[in-house]
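Chain and residue survey
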Amino acid sequence: GTPYNVLMPSDEVTVNYRHGLPVITLTLPTRSERCRFTVKPMMTTVGAFLRDVQREDKGIERMEVFATDGTKVSDATLMEVLLMNDFKVVINNTAYDVSPPVKDKLSSEHATEMEDIKSLVHRLFVALHLEDHQIRKERELLQKLDNLKEELLPLEQMKARIMDSANAKTSRLLWVGLALMSTQGGALAWLTWWVYSWDIMEPVTYFITYGSAMAFYAYFVLTKQDYIYPDAKDRQFLHYFYRKSKRQHFNVERYNKLKEDLAEAEESLRRLRQPLHLRLPIQEINDKD
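What counts as what
Residues numbered from 1 in each chain as written. Predicted model: local features only at pLDDT ≥ 70, side-chain atom pairs only at ≥ 80, totals over all residues. Heavy atoms only, no water. Helix = DSSP H or I, 4+ residues; strand = E, 2+ residues; numbered from the N terminus. Buried < 20%, exposed > 50% of the residue type's maximum accessible area, 1.4 Å probe, protein only. Contact = heavy atoms within 4.5 Å. Areas by Shrake-Rupley, 256 points an atom, 1.4 Å probe, with all protein chains shown as cover. Pairing = 2+ DSSP bridges. Axes fitted to C-alpha atoms, helices over the stretch in contact; angles between N-to-C directions. Salt bridge = Lys/Arg side-chain N within 4 Å of Asp/Glu carboxyl O.

**Regarding the overall build of the chain**
Across its full length, the chain carries eight helices and seven strands. Across the 289 residues in the chain, those meeting the buried criterion constitute 27%. Contacts in the chain between residues at least 24 apart in sequence constitute 60% of all its contacts with a sequence separation of at least 6. For the chain, the accessible area works out to roughly 19900 Å², and carbon and sulfur atoms hold 56% of it.

What follows is the structure in structure tokens.
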């Protein structure tokens, strides 16, 4: 049999749109008063709407919604879906035919208002739930930072030992170069003033200078860099560093990748903790208004 006994005219329950939102007007059976219920179609379910009506009139013992073919509409159905087609509302075994306005026949002004409200609701939802998302993302980044730092710790210690060894070797090489240049200068001076004369030593110093120029040019040919003392020192340091790393099985590529991941995670955490980032959706809404 039918789930209701009496059919009432469709004008007993009406649906109109006010400021882009559907307003359902019906007569409360106990108080015989017309009452309006403004519905948020994208957020309100059929069950929530029925509970709102029953709270307004405690005399309603039964209230259900049926499709035009007599099938019951689930309480979990969104009102936006329900208002797309005609339906029946049953209040205390009395059925009311409801014919919502067709969306295509709504005025362009109402359609625009509806789209604006949908956009506003979506932005507000994002703004209200962004803090929870931010907290979860922050925890994930902190956990990632801890894992990266734990993996980097032994590599950092090994790198520090290798750098100390490379620095020491580079410094020794610089001091050896200074000692050799001092010895060469002293030998030339001794040969010039005590053993031979300047007439004999002048060609020798010329060829020594020319030989030094050839050595510097050869350095440029091999390295494609000018012989500048700081650059030459850094090049020699890297030579010692990579040779020592290979001997101690220090994975330079793995270390660099971990450092890049750590820097990226720290930058993401810094941006996430900026107050402006959290308020961005609200700012967008204000700009639109």
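Here the narrative resumes.
**Concerning the sheet that holds strand β4 (residues 33-38)**
The strand order across the open sheet built from three strands is β2-β3-β4, with neighbouring strands paired in antiparallel fashion. In the strand order of this sheet, the two ends are held by β2 (14-18) and β4, each with one partner. Going from strand to strand, the sheet's axes swing by 30° on average, the running direction of each strand aside. Two strands pair when backbone bridges link them, and β2 and strand β3 (residues 21-28) are joined in this way by five bridges, in the antiparallel orientation. When the bridges of β3 are listed, V15 appears paired with I24. Helix-sheet contacts for helix α1 (residues 46-56) involve β3 and β4, and the interaxial angle to β4 is about 145°.

**So, the pattern of salt bridges**
Summed over the entire model, instances satisfying the criterion amount to eight salt bridges. When the shortest N-O distance is used, the salt bridge between D75 and K72 registers 3.9 Å.

**Section: the pairing of strand β6 (residues 87-91)**
Burial analysis of β6 places five of its five residues in the buried class, the great majority of the element. Residue alternation in β6 divides its side chains into two sets, F87, V89 and I91 and K88 and V90, and both sets are buried. Strand direction decides the pairing type here: strand β5 (residues 63-67) and β6, joined by five bridges, are antiparallel. Pairing of V65 across the sheet is with V89, part of β6. In this structure, the hairpin formed by β6 and strand β7 (residues 94-98) is closed by a connection of two residues, where N92 is found at a positive phi of approximately 50°.

**Focus on α1**
Residues of α1 that are buried: V46, G47, A48, F49, L50 and V53. Looking at the buried side of α1, the elements it contacts are β3, β4, β5 and α2 (79-82).

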